[in-house]
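What the coordinates show
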Amino acid sequence: MANPTYLITKDLLETLERKYGYNINDDDVRKKLSSVQEEFVQKFWEAAKLPNGIERYELDASELSVELKNAIRDNCKTPLISMDRVYIQNDSSFKMVNDFLDVTRRTDPITGAVTLEERPGSRPLVKQVAYLRNHYSEVSLADVGAFTGDTLLKIIKWFENEGISVKQVYLGVAGRSVEAELKDVNVEIITVYGANFYEWIELRDLLGIDGRAVGLSSEGHRLYIPYWENLTEWASISKESVEPVKEICQSSYKTIMQLLRGNGSDISKIGRIVEYKKR
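Residues numbered from 1 in each chain as written. Predicted model: local features only at pLDDT ≥ 70, side-chain atom pairs only at ≥ 80, totals over all residues. Heavy atoms only, no water.

Details of the overall build of the chain
In terms of regular secondary structure, the chain is built from 9 helices and 13 strands. In terms of C-alpha radius of gyration, the chain reaches 19 Å, essentially the compact-globule figure of 19 Å for 279 residues. Within the span of the chain, comprising 279 residues, buried residues form 52% of the whole. Considering only contacts in the chain between residues 6 or more positions apart, those separated by 24 or more positions represent 66%. Split by element, the accessible area of the chain, about 13300 Å² in all, is 44% carbon and sulfur. Of the charged side chains in the chain, 37 are positive and 43 negative, and the gap between their average positions amounts to 3 Å. (Helix = DSSP H or I, 4+ residues; strand = E, 2+ residues; numbered from the N terminus. Rg over C-alpha atoms; globule rule 2.2 N^0.38 Å. Buried < 20%, exposed > 50% of the residue type's maximum accessible area, 1.4 Å probe, protein only. Contact = heavy atoms within 4.5 Å. Areas by Shrake-Rupley, 256 points an atom, 1.4 Å probe, with all protein chains shown as cover. Lys, Arg positive; Asp, Glu negative; His and termini not counted. Charge placed at Lys NZ, Arg CZ, Asp CG, Glu CD.)

Comments concerning unusual backbone geometry
Negative phi characterises most residues that are not glycine, and trans characterises most peptide bonds. Despite not being glycine, lysine 49 has its phi angle at roughly 50°, a positive value. Checked against the element boundaries, lysine 49 lands in the loop between helix H2 (27-48) and strand S2 (55-60). Taking the relative accessible area as the measure of exposure, lysine 49 reaches 62% and is therefore exposed. Its identity is not glycine, yet serine 236 carries a phi of approximately 55°, on the positive side. Considering the arrangement of structural elements, one finds serine 236 in the loop between helix H8 (231-235) and helix H9 (242-262).

Here we look at H9
For H9, spanning 21 residues, the distance from its first C-alpha to its last is 30 Å, which sits close to the expected 30 Å at 1.5 Å a residue. Buried residues in H9 make contact with helix H1 (12-19), H2, helix H7 (203-207), strand S12 (222-225), H8 and strand S13 (272-273). Positive phi appears at glycine 264, one or two residues downstream of H9, with a value of about 80°. (Expected span 1.5 Å × (residues − 1).)

What about the environment of glycine 271?
Tracing the backbone shows glycine 271 in the loop between H9 and S13. For glycine 271 and glycine 220, which are 51 residues apart along the polypeptide, the C-alpha to C-alpha distance reads 9.3 Å.

A closer look at the layout of surface pockets
As a volume, the largest pocket reaches approximately 1300 Å³. Among the elements of the structure, H1, strand S5 (103-107), strand S7 (138-146), helix H5 (150-161), strand S10 (197-202), H7, strand S11 (212-216) and H8 are those that each provide at least two residues to the lining of the largest pocket. For the lining of the largest pocket, the class distribution of residues is 17 nonpolar, 9 polar and 17 charged. Approximately 240 Å³ is the volume attributed to the second largest pocket. For the second largest pocket, the full set of lining residues is Trp228, Glu229, Asn230, Leu231, Thr232, Glu233, Val242, Glu243, Lys246, Tyr276, Lys278 and Arg279. Looking at the lining of the second largest pocket residue by residue, the classes come out as 4 nonpolar, 2 polar and 6 charged. (1 Å grid on protein atoms, 1.4 Å probe; cavity = no way out; pocket = protein on both sides within 12 Å on 5 of 7 lines; lining within 4 Å. Points joined across faces, edges and corners; volume = space filled by probe spheres on them. Nonpolar A, V, L, I, M, F, W, Y, C, P; charged D, E, K, R; others polar.)

Interpretation in functional terms is not warranted from these geometric data alone.
So this is what it looks like as structure tokens:
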């Protein structure tokens, strides 16, 4: 991918099943959800009106997950810590994950400030790292991908300060700047898909079933900001295209919620949407 690339990873069903734990066994519901995903992507490309010269590229999450796991299986020699429960989790054909680091970039909906925190509902990040320090002296990390590598660099340096040596990093997708960002740390980077990114979006963030983590409500509900709240900065959508893209996002979200309710799924597990008030 030599030209600047706008990448979408299509992960609707994978997110619903692996992140939220839904059992979607009804073939008709699965087909309808898959149709929502495919129709959304087609409408998104039309509505986004990307600049000339930008390549459009799509990857299926399950395919990416298989290729990432194969890369790990072929090369990993140290205990594996996964930072993603959708793409790199243990299952019947893959049992190499030793532990998880449930970390996310949390966004303040008022100020827009971004901090490195535990995923909502997980143990405090300092306790997670302390646990890993007490169990491992060297590890490999795996994540779905990295856009610039700055968050990954912070985690690697944190691990180093705690006496944990990171030997390898496995990424499903990675921007060109990732290797440059990590040049000062002695870590082998193994990537499935590398690109000169114009943008990379995980579809769940546009479909409204995920987004920027905010935290937990007083009742314990997960709070998050869908990307339609800030499409220009978070999805590289021009101001002229924001409203039509937002309309497609919200319409698809409503359809997904209707299908989940019809399937008898508890939609409260997804969480509550928070408005992004920083403008």
